[in-house]
Amino acid sequence: TPITNKIGILALKNFNQTACYEEAEKFEPDPIVEKYYKGSKSCYACPIHCSKRFEIPEGPYKGEWGNKLEEGVVTPFGPTVGNSDIASIFKINNMVNQFGLDALECGGLIAVAIDWFKNGIITKKDTDGLELDWGKPEILIKLVEKIAKRQDIGDILADGALRASEKIGGKAAEYISHSKGMTFGGIDLRIMKGMALCLATSTRGCDHLRGSVPTETVGGLSRFTPEMAEKMFGSREVLDHNSYFKAVVAIRMQHIAAVTDCMEICRFASESNGGGLTIEDQVELFNAVTGLDFSVDDAMHAGERIFNLERLYIVREGIRRGDDRLIGKWVEGPVPSGQFKGDTIDKDKWEWMLDDYYDRRGWDKKTGIPTKEKLISLGLSEEAGWLDRI
Ligand code: SF4
């Protein structure tokens, strides 16, 4: 949170604010470690040791303990809902884990509900008397429980933000930031055009685990030098967060993500999430274990086959070019605050970026459906036959 806030990309309060977070320092790691940290655990041989044991020493949640507080819980139950009470985030971390709820989706959903309440879309009559507002940890805890148990407003919210908006009606749907029905938050995607493309074309909704565009430089942070960018992607433009020349990176990273999943390699420890084992490392490991002689090109070919198969599945379910976009009232407008205030997603340039993406993929530009020729070239001849039945 302090880093994304400092470099200007942190999205707060259901995208009503970008960066300029007054409470960001409460998320600085050192005081949190000092107060709550009890030790680390690791999966076998992993040097990252990401599982941090914590215990809450005081206050209303005193004695609550658990493992592994991820960014994917801190952001949706922190800045996304305007909450800076760290102890409550530990408590909610345990709750979502015990209830089996997806933390990102649940936090995004509650942020939308708060926005609805503040804009009069729902009232106390709908919330069983709860006054929803930003930064109220006790309300968050009640809502998480109500959603898990389908009580009161929780019964409607438990179907997800989009279906809930259909039941609520009016302008409710406009307040949801989503792609293909999956909400997103944490990062203001209006600023990073490549990440926006990657999430909008992800096969299971707006999913940051299906690829990323790590070349984009914001706040001076990038793993890629101009020379590396030129060598790998043929242009330095991929470094510019505002450039729409990103399809070449998005496609590569989507394929790497698919391969990493097949290898059962942890995302935190791999290139597909920004650092760690590269695709070259993964192929070397694969060959060492199997005795096969895969090349990086073979692995990337496998990743492309997987991505095309996933696309065929969602095409069968009705997904087309028009669904490869970010939806919600905020996408239409400019970034409201921070150093990127005024940045927008330009509609014409977005369409150009999608054209470039489909072109490079060998998909039909009008519909976003993989062409028969492309599928056959990937060795998916039988699947190419499915297109006749769509
Ligand atoms: S980074 Fe991944 S592999 Fe390493 S300890 Fe964490 S979950 Fe396990």
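Residues numbered from 1 in each chain as written. Predicted model: local features only at pLDDT ≥ 70, side-chain atom pairs only at ≥ 80, totals over all residues. Heavy atoms only, no water.

S.K.: Can you explain the overall build of the chain? Please cite residues and give values.
M.R.: A tally of regular secondary structure across the chain gives 17 helices and 7 strands. Scaling as 2.2 N^0.38, a compact globule of 390 residues should have a C-alpha radius of gyration of about 21 Å, and the chain matches this with 22 Å. With respect to the principal axes defined by its C-alpha atoms, the chain has extents near 60 × 50 × 40 Å. Across the 390 residues that make up the chain, the buried fraction comes to 50%. Put simply, 58% of the contacts in the chain that link residues at least 6 apart link residues at least 24 apart. Within the chain, one finds 50 positive and 60 negative side-chain charges whose respective centroids are separated by 3 Å. (Helix = DSSP H or I, 4+ residues; strand = E, 2+ residues; numbered from the N terminus. Rg over C-alpha atoms; globule rule 2.2 N^0.38 Å. Buried < 20%, exposed > 50% of the residue type's maximum accessible area, 1.4 Å probe, protein only. Contact = heavy atoms within 4.5 Å. Lys, Arg positive; Asp, Glu negative; His and termini not counted. Charge placed at Lys NZ, Arg CZ, Asp CG, Glu CD.)

S.K.: Could you give an account of the layout of surface pockets, with specific residues and numbers?
M.R.: What the second largest pocket holds in volume is close to 260 Å³. Together, 16 residues line the second largest pocket, and Cys-43, Tyr-44, Cys-46, Cys-266 and Ala-269 are the ones closest to its centre. Taken together, the residues that form the lining of the second largest pocket break down as 11 nonpolar, 3 polar and 2 charged. When we break the lining of the second largest pocket down by domain, the ones giving at least three residues each are domain 1 (2-183) and domain 2 (193-389). (1 Å grid on protein atoms, 1.4 Å probe; cavity = no way out; pocket = protein on both sides within 12 Å on 5 of 7 lines; lining within 4 Å. Points joined across faces, edges and corners; volume = space filled by probe spheres on them. Nonpolar A, V, L, I, M, F, W, Y, C, P; charged D, E, K, R; others polar. Domains from an automatic or database assignment.)

S.K.: So, the side chain of Asp-343: which residues are in play, and what are the values?
M.R.: With respect to the element layout, Asp-343 can be found in the loop between α14 (329-332) and α15 (347-361). No salt bridge is formed by the buried Asp-343. Its closest oppositely charged neighbour is Lys-193, at 4.3 Å. Filtering out sequence-adjacent residues up to four positions away, Asp-343 remains in contact with Arg-190, Ile-191, Lys-193, His-241, Asn-242, Gly-333, Pro-334 and Val-335. (Salt bridge = Lys/Arg side-chain N within 4 Å of Asp/Glu carboxyl O.)

S.K.: I'd love a proper account of the packing of helix α11 (residues 247-263) against α15, names of residues and values included.
M.R.: As a packed pair, α11 and α15 sit with axes 9 Å apart at the nearest point and diverge in direction by 50°. Taken together, the axis directions place α11 and α15 in an arrangement best described as oblique. Considering how the two elements wind past one another, α11 and α15 form a crossing that is right-handed. Touching Ala-247, Val-248, Ile-251, Gln-254 and His-255 of α11 are Met-353, Asp-356, Tyr-357, Arg-360 and Arg-361, all from α15. Its residues placed into classes, the contact of α11 with α15 shows 5 nonpolar, 2 polar and 3 charged. (Axes fitted to C-alpha atoms, helices over the stretch in contact; angles between N-to-C directions. Parallel < 35°, antiparallel > 145°, perpendicular 65-115°, else oblique. Left-handed = near helix turned anticlockwise from the far one by under 90°.)

S.K.: Kindly report on the site of the ligand, identifying the contributing residues and their values.
M.R.: Residues in contact with the ligand, as listed here, are Ser-42, Cys-43, Cys-46, Ile-48, Cys-50, Lys-68, Cys-266 and Phe-268. The residue makeup of the shell around the ligand, split by class, is 6 nonpolar, 1 polar and 1 charged. (Near = heavy atom within 4 Å.)

S.K.: Give me the sheet that holds strand β3 (residues 37-41): which residues, what numbers.
M.R.: Across the sheet, which stays open at both edges, the 3 strands sit in the order β3-β4-β5 with antiparallel pairing between neighbours. Strands at the two margins of the open sheet, each flanked by one partner only, are β3 and β5 (65-67). Strand-to-strand twist of the sheet, defined as the mean angle between neighbouring strand axes without regard to direction, takes the value 15°. As paired elements, strand β4 (residues 51-55) and β5 share 3 bridges and run antiparallel to each other. Residue pairing for β5: Glu-55 is matched across the bridge by Trp-65. Sheet strands touched by helix α2 (residues 29-36): β3 and β4. Its angle to β3, the strand with the most contacts, is close to 95°. (Pairing = 2+ DSSP bridges.)

S.K.: Describe the pattern of salt bridges, with residues and values.
M.R.: Two side chains of opposite charge can pair, provided their charged atoms sit close to one another. If you walk through the whole model with that rule in mind, you get 29 salt bridges. Ionic pairing is found between Lys-35 and Glu-58, a salt bridge with its closest N-O pair at 2.9 Å. Within this pair, whereas Lys-35 is found in helix α2, its partner Glu-58 is found in the loop between β4 and β5, the two being separated by 23 residues in sequence. According to the relative accessible area criterion, Lys-35 is partly exposed, its value standing at 37%. The shortest N-O distance in the salt bridge between Lys-91 and Glu-64 comes to 3.4 Å. In this pair, Lys-91 is assigned in helix α4 (residues 86-99) and Glu-64 in the loop between β4 and β5, connecting sequence segments 27 residues apart. Taken together, the shared-partner salt bridges in this structure form one network comprising Arg-150, Asp-155, Asp-159 and Lys-167.

S.K.: Go over helix α9 (residues 193-200) with me, naming the residues and quoting the values.
M.R.: By the criterion of burial, α9 is predominantly enclosed, with 8 of the 8 residues buried. When α9 is considered as a whole, its buried residues turn out to be Lys-193, Gly-194, Met-195, Ala-196, Leu-197, Cys-198, Leu-199 and Ala-200. Elements in contact with the buried residues of α9: β6 (178-179), α11 and α15.

These results come straight from atomic positions and should not be treated as a statement about function.
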